[in-house]
Amino acid sequence: MAEQRDLFAPGVAEAAPTLVLTAGGGREDLQERFAAFGVASLDEGDTLALVLDRCLGPGADTVAAADALMARFGGIGRVLGAAEGDLARVIGAAAARQLGLLHALLLRALEYPLRQRPVLTSTEAVRTYLRARLAALPREAFHVLFLDKNNQLIADERMAEGTVDHAPVYPREVVRRALELSASAIVLAHNHPSGDPAPSRADIDMTQQVVAAARTLQIVVHDHLVVGGDQVASLRALGLM
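Residues numbered from 1 in each chain as written. Predicted model: local features only at pLDDT ≥ 70, side-chain atom pairs only at ≥ 80, totals over all residues. Heavy atoms only, no water.

**Notes on the environment of Gln31**
By the element assignment, Gln31 lies in helix 1 (residues 26-37). According to the relative accessible area criterion, Gln31 is partly exposed, its value standing at 34%. Expressed as a C-alpha distance, the spacing of Gln31 and Leu42, which sit 11 residues apart in the sequence, is 10.0 Å. For Gln31, the residues in contact, after removing those within four places along its chain, are Leu50 and Asp53. (Helix = DSSP H or I, 4+ residues; strand = E, 2+ residues; numbered from the N terminus. Buried < 20%, exposed > 50% of the residue type's maximum accessible area, 1.4 Å probe, protein only. Contact = heavy atoms within 4.5 Å.)

Okay, here's the thing in structure tokens:
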């Protein structure tokens, strides 16, 4: 079982990036524009290029690196959420670690409000957090948000990781962990790497099994959220639990 601390796991081994980075003039233009007009003058790719200026070595063409990352992963959210190994193939392992650290910081910022007020009154905050946490993963990962009696977040833990279309989930393990954390309620969450958030028959069946196992110990399952691309589906809202 991998808990949220896996965000700071050791990075991948050093590897030469596939992108050839050479000096270019675009970086200086971006720095001047940022200095004169602020971040509002930069798009996502420009901003990423300036961040990479602090991650890559002297002489690196950070504009080309940012373009390569955006083309490879399809957007800034997917760049930041990508696996270190995948990032390293484009920009090298050292820079990939730095982007991983930035993503970890983002997740902590998004998680903060979930610890300060009831999750059930923070629906959009939960969805934003889960999109940042799960949307870019290349394989299915099953998470559980463990909540206290006030429905505030105790912990977000990854309970399973699988293939591109399946992550094995054991309801007894979910309930056992809830008891260890003295959780009164839980929210289930997982991703669909295909980008389609529609729950599968297996998702529905597994949810019902967790609900039944939790009910015997008076643990409430509030919802099961499925992240697919930029969308999040709620099994409760769909009437599936």
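**Section: the side chain of His222**
Looking at where His222 falls in the secondary structure, it is placed in strand 5 (residues 220-228). Judged by its relative accessible area of 16%, His222 falls in the buried class.

**Things to note about helix 9 (residues 201-215)**
The end-to-end C-alpha separation of helix 9 is 21 Å, in line with the 21 Å expected for 15 residues at 1.5 Å each. As for helix 9, its buried residues are in contact with strand 2 (141-147), helix 8 (171-180), strand 4 (185-191) and strand 5. (Expected span 1.5 Å × (residues − 1).)

**Let's talk about the confidence of the model for the chain**
Mean pLDDT over the chain stands at 86; residues scoring 70 or higher make up 88%. A low-confidence stretch, residues 1-16 stays under pLDDT 50, and its non-local contacts, those more than four residues away or across chains, total 36 contacts. (pLDDT = per-residue confidence, 0-100.)

**As for the nonpolar core**
Ranked by size, the top nonpolar core spans 24 residues in total, and within it Leu52, Leu69, Leu87, Ile91 and Leu99 carry the most contacts. Of all the secondary structure elements, the ones that give two or more residues to this core are helix 2 (44-52), helix 3 (62-73), helix 4 (76-81), helix 5 (84-91) and helix 6 (93-116). In this structure, Leu107, Leu137, Leu147 and Val232 belong to the second largest nonpolar core, which totals 21 residues. (Core = buried A, V, L, I, M, F, W, Y, C linked by side-chain atoms within 4.5 Å.)

**Brief notes about the environment of Val226**
With respect to the element layout, Val226 can be found in strand 5. A relative accessible area of 0% places Val226 in the buried class. Separated by 29 residues in sequence, Val226 and Pro197 place their C-alpha atoms 5.5 Å apart. What Val226 contacts, discounting residues up to four positions off in sequence, is His190, His192, Pro197, Gln231, Val232, Ala233 and Leu235.

**So, unusual backbone geometry**
With a phi close to 55°, Ser182 is a non-glycine residue in the positive phi region. Its place among the elements puts Ser182 in the loop between helix 8 and strand 4. Here Ser182 falls in the exposed class, since its relative accessible area comes to 57%. In this structure, Gln218 takes a positive phi of about 60° despite not being glycine. By secondary structure assignment, the location of Gln218 is in the loop between helix 9 and strand 5.

**Some thoughts on the pattern of salt bridges**
Counting across every chain of the model gives 12 salt bridges. For the salt bridge of Arg139 with Glu161, the shortest nitrogen-to-oxygen distance reads 3.5 Å. Taken together, the positions of Arg139 in the loop between helix 7 (123-134) and strand 2 and Glu161 in strand 3 (residues 153-161) put the pair 22 residues apart, joining distant regions of the chain. Take Arg139: its relative accessible area is 40%, and that puts it in the partly exposed class. A salt bridge links Glu157 to Arg177; the nearest nitrogen and oxygen atoms lie 2.7 Å apart. With a gap of 20 residues between them, Glu157 in strand 3 and Arg177 in helix 8 connect regions that are remote in the sequence. Overall, the relative accessible area of 2% leaves Glu157 in the buried class. Residue Arg177 is classed as buried on the basis of its relative accessible area of 13%. Through salt bridges that share partners, Glu157, Glu173, Arg176, Arg177 and Glu180 make up one connected network. (Salt bridge = Lys/Arg side-chain N within 4 Å of Asp/Glu carboxyl O.)

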